[in-house]
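Understanding the architecture of this molecule
Here is what each chain is made of, one letter per residue.
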Amino acid sequence: MLLPRRQFITQASAGVAGTLLAGLVGSVPGCTPAQSAVQGKLRGAGHALGHRLRTPGGLPAPAHTQAVDILIIGGGVSGLAARRALHQLAPGRTTLLLEMEADTGGNAAAGHNARTAYPWGAHYLPLPDARDTELLAFLQETGILTGYGPTGLPIYDETALCHDPAERLLLHGHWQAGLLPEAGVPAADRAEIARFLAEIERLRRATGPDGRDLFRLPLDWSVADADARQLDTESMADWLARHGYHSEYLRWYLDYSYRDDFGVPAAQVSAWAGLHYFAARKGRAHNAPPDAVLTWPQGNHYLAEALRRQGDGRVQANTLVFSIKEINNGQVEVLAFDNATQQTTRLLARQVVLATPWHVTKHLLAAPVTLPPLAPLHAPWLVANLTVAGYPGGPGQPLSWDNVRYGSPALGYIDAEHQALRGFEGDEPRSLTFYWALPTNPLDAVAARRHALASNYADWRTLVLTELDLMHPGLAAQVQAAELWVWGHGMVAPTPGYVWGAARQQAQQPLLGGRVHLAHTDLSGISVFEEAFHQGLRAARAVLARPANS
Ligand SMILES: Cc1cc2nc3c(=O)[nH]c(=O)nc-3n(C[C@H](O)[C@H](O)[C@H](O)COP(=O)(O)OP(=O)(O)OC[C@H]3O[C@@H](n4cnc5c(N)ncnc54)[C@H](O)[C@@H]3O)c2cc1C
């Protein structure tokens, strides 16, 4: 059960790790891992630099002016995909990409320890829909898609396809294979789960009156049908209740799935998005089952780096954009602060792709621009990369790529070395990446984020090690390092009304006389690689729809 938001805030603000833990992990008799020996530090996306957006008057006046053809702001997957598309579709045009962080990739960030690279955020891509030819072309150019089989289905690089065993769930003290609860689940619950899966299968195949799939990725390719979109007005939890789904095992599985991809449980997700989550997955491959995923030790940073290589034009990191406005001659004036030189440059751009999250975008585009009333909910996230001297075993299924505890408020961990093509000695250290979508709701999201960012390293370490001990009793004592990252704004949650509300549709329209094009997963309402890739592509096409010299 998730801790009610207000209770979490009260406890977090008390600043006492034990109180915070009692709320988030539950009562843990006798669990006091020896922690002070565990080394590491707390990181996060450039909060200090980003927060200077709140007081732009404190940033220096421009020292130079520079003209650019196409300026891309934000080097996450959306911005990098726009840059790659612009290079491929219009190789003669020049681009400049500005990124606030020291590296591009955005939420698809990665780090490493002495043993391996590991993800700090996005870590996998499910098999793409074979009809998404643009995404497939990117994967082929990257070498992940190696060809097509006799049936016409893509063949994927075996080293990128998640190896066996892929998933395990700690349920009733036993590790079962797969995350859908099975071991010891009563017959009535199994029947309900089977009914839900049959309904998903029906929706997966369903098409609307216009012949389009009811659910597709990217989501804007789904059927444009008022009846289907009606599902966006209620919560997934209400939809489940209305359709007689009460099984605690099914409800847990769905809450887990939505927290894993959206950061929030079924009660905060629209029914359209909750059904889309399962029914839009239509990936197929010649050499893998439909539910296979593509993953790398550094997670989706691998894909972000490939996008960057396949683009062209200068990339300038450590640079905070803090103002965008239209000037008299129809150009766009952008002010950018270089954190390395501590100087501001005034850039005059013909066209701008603005690939920043909405909480940034709305600060950059000040009045007189009228912005759509988009109000995305972003849950804060904790990601922890642990180096553990012992093997995370237990009864049942062995260590898998994804390892989850039934009933946990956390999301479990990924074995960062799962794709390593070598054997492991029994006592070799392991690198585990923990994921935790911290509870939030629209009424107190700001306070929740503030408290998440204010909590200290020791608080978070206690939280993670206690969860580890619940999964593997005694293992927390063998943790050598715990590197932590808190995302203040993890990813957008598709709350009721967000995906098919008017504000999201308006946000796809160009601004500032058609010269500024927004591109970010906040404009999709679902934050996955496929959406980011297509956001970038859409923005690049919108840029090129305007004559180069206008
Ligand atoms: C913990 C976590 C796990 C995830 N796991 C997965 C997963 O397994 N698979 C998956 O597909 N997706 C996952 N996601 C979702 C992931 O966010 C998307 O797939 C995608 O990477 C989002 O890309 P984006 O470009 O839309 O946004 P972002 O990644 O938010 O990129 C925005 C960029 O803009 C930059 N920026 C912001 N403000 C400024 C400014 N003023 N000036 C200059 N630059 C600025 C930021 O630094 C950032 O680089 C995960 C997300 C999180 C947080």
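Scroll up to find the structure.
Below, the structure is looked at part by part.

Rules of the game
Along each chain, the written sequence defines residue order, and numbers are assigned to residues from 1. The predicted nature of this model means local features are confined to residues of pLDDT at least 70 and side-chain atom pairs, given and counted, to a pLDDT of 80 or more, with totals for whole chains, interfaces and linings taken over all residues. The basis for the side-chain values is all heavy atoms of the structure; hydrogens and waters are excluded. The helix count covers DSSP runs of H or I at least four residues long, the strand count covers runs of E at least two residues long, and both are numbered beginning at the N terminus. When we talk radius of gyration, it's over C-alpha atoms, and the globule rule is simply 2.2 Å times the number of residues to the 0.38. Buried means the residue's accessible area, taken with a 1.4 Å probe over protein chains only, is under 20% of the maximum for its type, while exposed means over 50%, and partly exposed covers the values in between. Only heavy atoms matter for contacts: two residues are in contact if any of them lie within 4.5 Å across the pair. Shrake-Rupley sampling with a 1.4 Å probe provides the accessible areas, and residues are treated as covered by the protein chains on show and by no other component. The pairing criterion for strands is at least two bridges between them, as found by DSSP. The axes used here are C-alpha line fits, helices contributing only the stretch in contact, and every angle between their N-to-C directions lies in the interval 0 to 180 degrees. Reported orientations rely on four angle classes, namely roughly parallel under 35 degrees, roughly antiparallel over 145, roughly perpendicular from 65 to 115, and oblique for the rest. Throughout, a crossing is termed right-handed when the near helix is turned clockwise from the far one, and left-handed when it is turned anticlockwise from it by less than a right angle. Note on residue classes: Ala, Val, Leu, Ile, Met, Phe, Trp, Tyr, Cys and Pro are nonpolar, Asp, Glu, Lys and Arg are charged, and everything else, Gly too, is polar.

Another aspect to go through is the overall build of the protein. On a plain count of helices and strands, the protein comes out with 16 helices and 23 strands. In summary, the protein has a C-alpha radius of gyration of 23 Å against a globular reference of 24 Å for 550 residues, a match within 12%. If one aligns the C-alpha atoms of the protein with their principal axes, the spans along those axes are about 70 × 55 × 45 Å. Expressed as a percentage of the 550 residues in the protein, the buried residues total 59%. Counting contacts in the protein only where the partners sit at least 6 residues apart, residues at least 24 apart contribute 75% of the total. For the protein, the exposed surface amounts to about 21,200 Å²; the carbon and sulfur share of it is 54%.

Spatial ordering of the open sheet is given by E1-E21-E17-E20-E19-E18-E9-E10, a layout of 8 strands whose pairing is mixed. Lying at the two open borders of the sheet, with one neighbouring strand each, are strand E1 (42-44) and strand E10 (174-177). Each adjacent strand pair in this sheet contributes to an overall mean axis angle of 25 degrees, direction not counted. Looking at chain direction, strand E17 (residues 381-388) and strand E20 (residues 430-437) are connected through 8 bridges and run antiparallel. Paired with Leu382 across the strands is Trp436, a residue of E20. Strands in contact with helix H9 (residues 248-262) are strand E9 (167-171), E17, strand E18 (402-405) and E20; relative to E18, the strand with the most contacts, it is inclined by about 130 degrees.

Another aspect to go through is the packing of helix H4 (residues 77-89) against helix H11 (residues 301-309). Viewed as axis vectors pointing N to C, H4 and H11 meet at an angle of 30 degrees, and their least axial separation amounts to 8 Å. As summarised for this structure, H4 and H11 are arranged roughly parallel, according to the angle between their axes. Crossing hand, H4 versus H11: left-handed. Counting all contacts with H4, which are made through Val77, Leu80, Ala81, Arg83 and Arg84, the residues of H11 involved are Ala304, Leu307 and Arg308. Split by residue class, the contact of H4 with H11 holds 5 nonpolar, no polar and 3 charged.

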